[in-house]
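Architecture at a glance
As a plain string of letters, each chain reads:
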Amino acid sequence: MAKEIFMPKLSSTMETGTLLEWFKEEGDTVEIGEPLFEILTDKINIEVEAYDDGILLKKYFDTDDQVPVNHVIGYIGQANEQVPAESPGESGESNEQIVQEETVAKKDERPLVAASVISGEKPRATPAARRIAQTNQVELTAIAGSGPHGRVHVKDVNEYVNEDQVHSKITPLANKIAKQENVDITTVTGSGLNGKIVKQDISAAIQEKTTKAPAPSQKRRKIGGMRKVISDRMSQSAFTAPHVTLTSEIDMTKVKELRVQLLPVVEKQTGMRLSYTEVIIKAVGLVLSRFPAVNASFINDEIIYNDAVHIGLAVAVPDGLMVPVLKDVNQKGLADLTMEAKDIGKRAREQKLLPDQLKGSTFTISNLGMYAIDAFTPIINQPETAILGVGRMLEKPVVINSEIKVRPMMTLSMSFDHRVIDGAPAAEFLTELKRVLENPFELLV
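All chains use their own residue numbering, which begins from 1 and follows the written sequence. Side-chain atom pairs in this predicted model are given and counted only at pLDDT of 80 or more, local residue features only at pLDDT of at least 70, and totals for whole chains, interfaces and linings cover all residues. Calculated side-chain values reflect all of the structure's heavy atoms, with hydrogen atoms and water omitted.

Moving on, we get to the overall build of the protein. Here a strand is any run of E in DSSP of at least two residues, a helix any run of H or I of at least four, and the numbering for each starts at the N terminus. Helix and strand counts for the protein stand at nine helices and 20 strands. Only protein chains enter the accessibility calculation, which uses a 1.4 Å probe; a residue whose area is less than 20% of its type maximum is buried, one above 50% is exposed, and one in between is partly exposed. Counting over 445 residues, the protein shows a buried share of 43%. Across the protein, the fraction of contacts at a sequence separation of at least 24, relative to all contacts at a separation of at least 6, is 61%. Only the protein chains shown count as cover for residues, and the accessible areas themselves come from Shrake-Rupley with a 1.4 Å probe. Total accessible area on the protein stands at roughly 24,000 Å², and carbon and sulfur atoms take up 51% of it. Between two residues, a contact is recorded if the distance between any of their heavy atoms is within 4.5 Å.

Take a look at the structure:
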């Protein structure tokens, strides 16, 4: 005798199901447990398994058809068995025969289980769970049991009832948005029919949540004093002078050798240790005296070519930067430069510089060699027309006379004002500085 295939009722609120897909065609062999068709309920998409062996004799409904629950949608039986030409309507099977068998492919709602009919078999449930389910008019077949072999307990029924009540008060679209935005729908008041929560209610809850969200803890202070001066000067320079930056790697091997030889001599004369900074300052002063265009100032649309070589040395101080000035660098030896550089650096950090020590620079050096910085783009200290950035010294493999050797290499970054200096003269200056540093004994002449 042919067996009915019907649209299962999977929840207390389900009245119809939409047929999404048949996995078998009429005439195909069907085995118990095989996925037979897929439906869309008011809560989920679910695959329904066959509960009889045989041949799919008839399909009464097709894809996207909405079918009332318990309506016959097809028959399974033996070959050549006679079945009605049209669906006889509601199945005669009792809903008490619906049992849980496998997990649902969940999409938008809470998980349920697929249902199939096995004649005479009832859902496994405790007596208390059955009583609560009957009181709340809930089908036990729609509840996933947490006990052994899927046995339904009281807590399973209570959770299902509570969740079902919540979801019956919200539209599917509103519920989807609430989940995406982590909105607790139990705190939302519905404005729809009979208090149903709609999309606009969720949007309003999201807006309120955003408005009431506490601002992250932040420390703020109004810019002023030295920081305000630096901000204004750097902004003016960056936005008025077209900066171009050239870089060049310097082999510092001979500078290291020179420093080793001069350390005891300078320390004996001054009581201070000669650093690479003073050697670089001396080299820059020497080369600047040969390139007036780089040792220039740009004031009121006039280029002023400075005769004196006064080098500003950027010094980091608490909450800012100061640029004390070493005067007539090209006329001083390494011992004098060591004393002066150490003195103005100390005065700057202690904020004890004299007014005259902050005036008149024609070129600035910014040395970040004590940090893990190779190259950078320094901003010109106007009205100067160029600034030199000094990176760290790093041992690197380099090719010398077709051989690979490890040498202490340092990168110099020179930014210049393209309104005053063109690329070629700037490149010539940096190339000459590289030559002098790689042959530093010229500094002693």
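An order of 1-8-6-3 is seen for the four strands of this open sheet, with the pairing classed as antiparallel. Since the sheet does not close on itself, it has two edges, and those belong to strand 1 (3-6) and strand 3 (29-30), each with one partner. Here, strands pair whenever DSSP counts at least two bridges between them. Note: strand 1 against strand 8 (residues 72-77), four bridges, orientation antiparallel. Bridge pairing in strand 8 links phenylalanine 6 to valine 72.

Below, the discussion takes up the pairing of strand 6 (residues 54-59). Pairing geometry for strand 3 and strand 6, over two bridges, is antiparallel. In the sheet register, valine 30 faces strand 6, and the bridge partner there is glycine 54. As paired strands, strand 6 and strand 8 are joined by four bridges and run antiparallel to one another. Bridged to leucine 56 within strand 8 is isoleucine 76.

With that settled, the discussion passes to the sheet that holds strand 11 (residues 243-251). If you trace the six strands from one edge of the open sheet to the other, you get 11-20-19-18-14-17, paired in mixed fashion. Of all the strands in the sheet, just strand 11 and strand 17 (325-326) have a single pairing partner and so form its edges. With two bridges joining them, strand 14 (residues 311-313) and strand 17 adopt antiparallel strand pairing. Residue pairing for strand 17: glycine 312 is matched across the bridge by valine 325. Note on geometry: axes are C-alpha line fits, over the in-contact stretch for helices, and angles between N-to-C directions span 0 to 180 degrees. Of the strands in this sheet, strand 11, strand 19 (386-400) and strand 20 (403-417) are in contact with helix 6 (residues 253-270), which crosses strand 20 at around 95°.

So, on to the environment of valine 154. Mapped onto the elements, valine 154 comes out in helix 2 (residues 154-167). The spatial distance from the C-alpha of valine 154 to the C-alpha of alanine 129 is 4.4 Å, given a sequence separation of 25 residues. Residues contacting valine 154, with those up to four places away along its chain left out, are Thr126, Ala128, Ala129 and Ile132.

Orientation of helix 7 (residues 276-288) relative to helix 9 (residues 423-438), taken along the N-to-C sense of each, is 130°, at an axis distance of 10 Å. The angle between the axes of helix 7 and helix 9 places the two elements in the oblique class. Remark: the crossing between helix 7 and helix 9 carries right-handed chirality. On the side of helix 7, the interface is formed by Val279, Ile280, Ala283, Val284, Leu286, Val287 and Leu288, while helix 9 contributes Phe429, Glu432, Leu433, Val436 and Leu437. A per-class count over the contact of helix 7 with helix 9 returns 11 nonpolar, no polar and one charged. If an angle is under 35 degrees, it is roughly parallel; if it is over 145, roughly antiparallel; if it lies from 65 to 115, roughly perpendicular; otherwise it is oblique. Crossings are classed by handedness, with left-handed meaning an anticlockwise turn of the near helix from the far one by less than a right angle and right-handed meaning a clockwise turn. Side-chain classes follow a simple rule in which Ala, Val, Leu, Ile, Met, Phe, Trp, Tyr, Cys and Pro form the nonpolar group, Asp, Glu, Lys and Arg form the charged group, and the remainder, Gly included, forms the polar group.

In this fold, lysine 24 is placed in the loop between strand 2 (16-22) and strand 3. Definition of a polar contact: a pair of N or O atoms within 3.5 Å, with one able to donate and the other able to accept a hydrogen when the atoms are protein atoms, and with sequence-neighbouring residues admitted only if both atoms are side-chain atoms. In terms of polar contacts, lysine 24 uses its side chain to reach the backbone carbonyl oxygen of threonine 29, at 3.3 Å. A polar atom in the side chain of lysine 24 sits 3.2 Å from the side chain of glutamate 34.

The next point concerns the pairing of strand 18 (residues 363-367). The element strand 18 is extensively covered by neighbouring structure, given that five of its five residues are classed as buried. Where strand 14 and strand 18 come together, three bridges link them in parallel fashion. Looking at strand 18, one finds that isoleucine 311 is bridged to phenylalanine 363. In this structure, strand 18 lies alongside strand 19, joined through four bridges in parallel fashion. In the strand pairing of strand 19, asparagine 367 is matched with valine 390.

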